[in-house]
There are 2 protein chains.
Amino acid sequence: MNLAEFRASGHELIDWVADYLEGVEAQRVSPDVAPGDVRAMLPAHPPAAPEPWASVLDDLSRVIVPGIVHWQHPSYFAYFPSNTSYPSILGELLTAGLGVQGMSWVTSPACTEVETLMLDWMAELLDLPAGFRSDSSSGGGVIQGSASEAALVAILSARWRATGGAVNRDGDTSRLMAYASAQAHSSVEKGLRIAGIGTDRLRVVPHDESFAMRPDALASMIESDLAAGLVPCFVCSTHGTTSSMAFDPTPEIAAVCADAGAWLHVDAAMCGIAALSPEHRWVNDGVELADSYCTNPHKWMGVNFDCDLYWTADRAALLGALSILPEYLRSAAAETGAAIDYRDWQIPLGRRFRALKLWLTIRLDGIESIQVMVRRHVELAQRLVAEVRADDRFEIVAPHPLNLVCLRLVDGDTDELIERANATGEVLFTRTVLDGTPVLRFSIGTSTTEWRHVQAAWRLLRELA
Amino acid sequence: MNLAEFRASGHELIDWVADYLEGVEAQRVSPDVAPGDVRAMLPAHPPAAPEPWASVLDDLSRVIVPGIVHWQHPSYFAYFPSNTSYPSILGELLTAGLGVQGMSWVTSPACTEVETLMLDWMAELLDLPAGFRSDSSSGGGVIQGSASEAALVAILSARWRATGGAVNRDGDTSRLMAYASAQAHSSVEKGLRIAGIGTDRLRVVPHDESFAMRPDALASMIESDLAAGLVPCFVCSTHGTTSSMAFDPTPEIAAVCADAGAWLHVDAAMCGIAALSPEHRWVNDGVELADSYCTNPHKWMGVNFDCDLYWTADRAALLGALSILPEYLRSAAAETGAAIDYRDWQIPLGRRFRALKLWLTIRLDGIESIQVMVRRHVELAQRLVAEVRADDRFEIVAPHPLNLVCLRLVDGDTDELIERANATGEVLFTRTVLDGTPVLRFSIGTSTTEWRHVQAAWRLLRELA
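Anyway, here's the lowdown on the structure attached to this text.

Definitions and limits used
Residues numbered from 1 in each chain as written. Chains lettered and ligands numbered in written order. Predicted model: local features only at pLDDT ≥ 70, side-chain atom pairs only at ≥ 80, totals over all residues. Heavy atoms only, no water. Pairing = 2+ DSSP bridges. Helix = DSSP H or I, 4+ residues; strand = E, 2+ residues; numbered from the N terminus. Axes fitted to C-alpha atoms, helices over the stretch in contact; angles between N-to-C directions. Expected span 1.5 Å × (residues − 1). Buried < 20%, exposed > 50% of the residue type's maximum accessible area, 1.4 Å probe, protein only. Arc of directions from axis to C-beta. Contact = heavy atoms within 4.5 Å. Lys, Arg positive; Asp, Glu negative; His and termini not counted. Salt bridge = Lys/Arg side-chain N within 4 Å of Asp/Glu carboxyl O. Least-squares fit on C-alpha atoms with pLDDT ≥ 70 in both. Buried area = accessible area lost by both parts, 1.4 Å probe. Nonpolar A, V, L, I, M, F, W, Y, C, P; charged D, E, K, R; others polar. Right-handed = clockwise from strand over helix to strand, strands pointing away. Patch = residues over 30% accessible without salt bridge, like charges linked within 9 Å, V, L, I, M, F, W, Y side chains within 5 Å. Areas by Shrake-Rupley, 256 points an atom, 1.4 Å probe, with all protein chains shown as cover. Charge placed at Lys NZ, Arg CZ, Asp CG, Glu CD. Polar contact = N/O pair within 3.5 Å; in protein donor to acceptor, adjacent residues only side chain to side chain. Phe/Tyr/Trp six-rings, centres within 6.5 Å; stacked < 30°, edge-to-face > 60°. Lys NZ or Arg CZ within 6 Å of the ring centre and 35° of its normal.

Residue and element names in this part refer to chain B. Spatially, the 7 strands line up as an open sheet ordered β1-β7-β6-β5-β4-β2-β3, and their pairing is mixed. At either end of the open sheet lies a strand with only one pairing partner, and these are β1 (140–144) and β3 (202–205). Taken over all neighbouring pairs, the strand axes of this sheet differ in orientation by 20° on average, direction set aside. Of the pairings in the sheet, the one linking strand β2 (residues 176–181) to strand β4 (residues 231–238) comprises 4 bridges and is parallel in character. When the sheet's bridge partners are listed, L176 is paired in β4 with V231.

This is the structure in structure tokens:
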């Protein structure tokens, strides 16, 4: 493909993407395919010669569009919000077009400095504590690929601090203990495993009837671990659990952590962004007491995956855990300490210029339009709650402070209801289990979702019930 | 930004990217900025209202272009090849525009199935062993974000296999030993640290005068560790080291690993792609004996970062180390085992539809054009070698089988030479240390680099010497 072809194909692809997003409502939300169907429509072997652009466009319509879940569909109510803004799409195009590496400041200064600025802008917009800002004495922020990586990085920081750095050399985690509720995201357990802190040393803290962690239970677990000579190392407090949007009480949890010297990570991946609206700022209550915090613009803010924002109040532990400087990365700039080298803030070495999509979204869409969208989603969820309450075949099984409503059939098979609703192609829901019972998660978060979509989905559920 | 504005801005951005790439040769290769300069040109606080597209375009020219290293510049000779193809840029645009998640098959079947097909296509094009293919009994491949993540995933697989899975529960790595030469990539040491196998348990295997690992030294280290009751767990053999493009002798290393039951990972991140050309297929000698292998289309194939291809012959160990299935991810498709869920093949949960950029590059550029480019880079490097040999102020300090030439001043400060050359803005080199001596790495890999660029860079070095 030469430059002229790139221009022509690029213009066509911009319009193709615009047409796709404009028309996505006409698609089934999830595809009607079985494992292997997509692959069977494509050549088993690579082409011997270059193909024309038109053949790619054909395959997009013939194979790809009918083979994906349409996460941007207004009747998509599954998993978590993952709306994509137009500026964010342009940001990704720009990132790819520039093709730079941001592993060190010196490998592309603007990549690092725009990222640092975006973390400070977002800290201001979310009203996060001063100790997370890049100009604070000991904190700072970075874009991670996902909240899973944020959790792992927090665990590694905790592990480093609890052992005075010795774990880097001896790998000895045998006395370290971690704590989270059963409602915490699976990435906490996965991260502990990866970090060599086996699941035997994860204490599952009981939760109350709102599915929030019980700080008294945490305190007694930590007390008995301390008495046994163990080292409470890491606690995850979730603000908006994946299953039901429960909020662990961080102020009380933080008091327990402070006494024990444990690292407190606040995982607000799914809904921390709600704090862009002042009336929802309570979602971050207590984060000024945390050692680390993350939230995902790639969930509820319109910024394409991947864009997780991770802040820490203890950058020394992060750098202690992850920094490494081989000869082939040494440079004068790295030696002075005047610049941030984000490679030492993350698991991988290489990194894309991900700050561009956040920068473009804030500048071109503006924060007010995101506030309006978040408010609308919350209002739609509350309207839905009123409708569900009026139908006694259904039961709401968890608090619903924001945009997620968890419901179940009182007498009936909720999992079957979900499967039948999804099979129509008109909606997509996902499930979870709360108190041992399957639950339908009705998550409202696509930027184009209106009341008519929620209403139609609810009507479908009532018909199928 | 509304849909009409997206179309108009998108067309402008496509042309902006095309103009940028067409004109990149006129830029300084690296920017003339000090830490803080870029940030100082931007507002300290986020805008209160949306800004026009034109203001973003202005900032791209005013702040971003003069603030980055131009990795696509034909006189960029630093770090590693990272050329970006036009189809790959379009692939990223498409990925962002579709905005789907590929964490499970069910979250977007085509995202998973196109990826599996691309791994099989690439295994065929690189002539990799049958045991890596998705239809093999025990192997398979996946796109990782980077070779660092590939190394970590390999270490976690090794750790799982060596402990029969117990490490997931007890985190006990106290008897596990790992082995790599001092020339292995820093991600091996970082990965071992992350995995809770401290650096005390990394044996640095001596290398020979070509900077390749000595299998006899590996064998005696393993022998004495076995005698001491330790468990040789993980060996990294590098095909094309970062510092000097040295090749560890995998067939001999594999024989040692097989005897000891250690996991053998082959890291061919920088140059495994050369095997697309049959005459360079030797770069993968012995990989049929490895447990895992990675190479990076985002280095020498024109596919945008991030795109690392990771294959394993032992998918059970990978899944044992990383799979986790919370209730909120359960689905009928996941239960049958008929589909691949790539979330269990990687560190994070979420994943982008990265296979699109690889698919578009293979189809639209074609493999032949990539073969031609790789051959040209190798030829340019060999022509450079002849010139360097004719100037006795310089010395070539390592074998140069491909596109990297390591040289130094015989009597002079090589680091200072690099700094002075880079300060002109006409070229960019990076350094390493070999045998205790600073070395200039002359890496030839940008798709637009011709002999005149190499020649001009060499002329500059001679003038400054």
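This is not the end of the story, as more comes after the structure.
We now examine helix α9 (residues 215–227) of chain B. Because each turn of an α-helix spans 3.6 residues, side chains separated by three or four positions in sequence point in the same direction. All names here are of chain B. Helix length check: α9 (13 residues) gives 18 Å between terminal C-alpha atoms against 18 Å at 1.5 Å per residue, within 8%. All of the buried residues along α9 are P215, A217, L218, M221, I222 and D225. Along the axis of α9, the buried residues cluster in a sector spanning 155°; they form a single face. What points out from α9, more than 90 degrees from its buried face, is the exposed set E223 and A227. Of the surrounding elements, those touching the buried residues of α9 are β2, β3, β4 and α10 (250–260). Looking one or two places after α9, you find G229, whose phi comes out positive at around 80°.

Our focus in this paragraph is the side chain of D308 of chain A. All names here are of chain A. Tracing the chain through its elements places D308 in strand β7 (residues 308–312). Although D308 lies buried, it forms no salt bridge, and the closest oppositely charged side chain, K299, sits 6.8 Å away as judged by the N-O distance. Leaving out residues up to four positions away in the same chain, D308 has contacts with V142, I143, Q144, G145, S146, A147, A150, C294, T295, N296, P297 and H298.

Right, let's get into the sheet that holds strand β8 (residues 394–396) of chain B. All names here are of chain B. Taken together, 4 strands build an open sheet; the order of strands is β8-β9-β11-β10 and the sheet is antiparallel. Edge strands, defined here as strands with exactly one partner in the open sheet, are β8 and β10 (430–434). Each strand axis lies, on average, 40° off the axis of its neighbour in the sheet, ignoring direction. Packed onto the sheet, helix α16 (residues 414–423) meets β8, β9 (404–409), β10 and β11 (437–443) and runs at close to 40° relative to β11.

You can overlay chain A on chain B at an RMSD of 0.0 Å; the transform is a turn of 180° with a shift of 0.0 Å along its axis. A rotation of that kind, with that shift, is consistent with a two-fold axis.

Bringing the interface of chain A and chain B into the picture now. On the chain B side, the residues contacting the 143 residues of chain A number 143 residues. Counting each side, the surface lost to burial between chain A and chain B is near 12,800 Å², with a carbon and sulfur contribution of 65%. It is R193, Y328 and R363 of chain A in chain A that bury the most area against chain B; as a group they hold 7% of the surface buried on that side. Linking chain A to chain B there are 14 salt bridges. Taking the shortest distance from any N to any O, the salt bridge between E327 of chain A and R431 of chain B comes out at 2.6 Å. Of the residues forming the side of chain A that touches chain B, the biggest block, 16 residues, is contributed by helix α1 (residues 3–23) of chain A. Grouping the amino acids of the side of chain A that touches chain B by side-chain chemistry returns 75 nonpolar, 36 polar and 32 charged.

This part covers the pairing of strand β5 (residues 263–267) of chain A. Residues and elements named next belong to chain A. A large share of β5 lies buried, amounting to 5 of its 5 residues. Bridge analysis of strand β4 (residues 231–238) against β5 gives 5 bridges, and the strand direction is parallel. If you follow V235 over to β5, its bridge partner there is L264. With respect to chirality, the unit in which β4 leads through helix α10 (residues 250–260) into the neighbouring parallel β5 is right-handed. Inspection of the sheet shows β5 paired to strand β6 (residues 292–295) by 3 bridges, in the parallel sense. Across the sheet, the residue bridging to D267 is C294, located in β6.

Together, D170, D172 and D200 of chain A together with D170, D172 and D200 of chain B give the surface a local cluster of negative charge. You can see D170 of chain A is positioned in helix α7 (residues 167–170).

Close approach of charged atoms allows side chains of opposite charge to pair. Enumeration according to the criterion identifies 58 salt bridges over all chains in this entry. Here R7 of chain B makes a salt bridge to D15 of chain A, at a shortest N to O gap of 3.1 Å. You can see R7 of chain B sitting in helix α1 (residues 3–23) and its partner D15 of chain A sitting in helix α1, one on each of two chains. Measuring nitrogen to oxygen at the nearest pair gives 2.7 Å for the salt bridge that ties D59 of chain A to R363 of chain B. Of this pair, D59 of chain A sits in helix α3 (residues 53–64) while R363 of chain B sits in helix α14 (residues 355–365), each in a different chain. In this pair, the class of D59 of chain A matches that of R363 of chain B, namely buried. Among the charged side chains, a network of salt bridges with common partners joins E92, D306, R352, R354 and K357 of chain A.

Let us now look at unusual backbone geometry. Of note, the bond from F305 of chain A into D306 of chain A is cis; its omega dihedral lies within 30 degrees of zero at 15°. Within the secondary structure, D306 of chain A sits in the loop between α11 (297–300) and β7. In this model, Y79 of chain A sits at a positive phi of 45°, which is unusual for a non-glycine residue. On the secondary structure map, Y79 of chain A appears in the loop between α3 and α4 (86–98). Under the relative-accessibility criterion, Y79 of chain A is labelled buried at 9%. Of note in this structure, M245 of chain B is not a glycine but carries a positive phi near 60°. Within the secondary structure, M245 of chain B sits in the loop between β4 and α10.

The next thing to look at is the side chain of D341 of chain B. Mapped onto the secondary structure, D341 of chain B falls in the loop between α13 (332–336) and α14. A distance of 2.8 Å separates the side chain of D341 of chain B from the backbone nitrogen of W105 of chain B, its partner in a polar contact.

Within the structure shown, the criterion is met by 26 aromatic pairs over all chains. Relative to W282 of chain A, the ring of F247 of chain A has its centre 4.9 Å away and its plane inclined at 55°; by these criteria the two rings are tilted. You can see F247 of chain A sitting in the loop between β4 and α10 and its partner W282 of chain A sitting in the loop between β5 and β6, a full 35 residues away along the chain. F247 of chain A sits in the buried class, given a relative accessible area of 19%. Given a relative accessible area of 31%, W282 of chain A falls into the partly exposed group. Linked through ring pairs, W71, Y76, Y79 and F80 of chain A together constitute an aromatic cluster. One Lys or Arg, R383 of chain A, reaches over the ring of W451 of chain A and ends 4.1 Å from the middle of that ring. Over the aromatic face of W359 of chain B sits the side chain of R363 of chain B, whose NZ or CZ is 4.7 Å from the ring centroid.

Remember, this is a structural readout, not a statement about activity or role.
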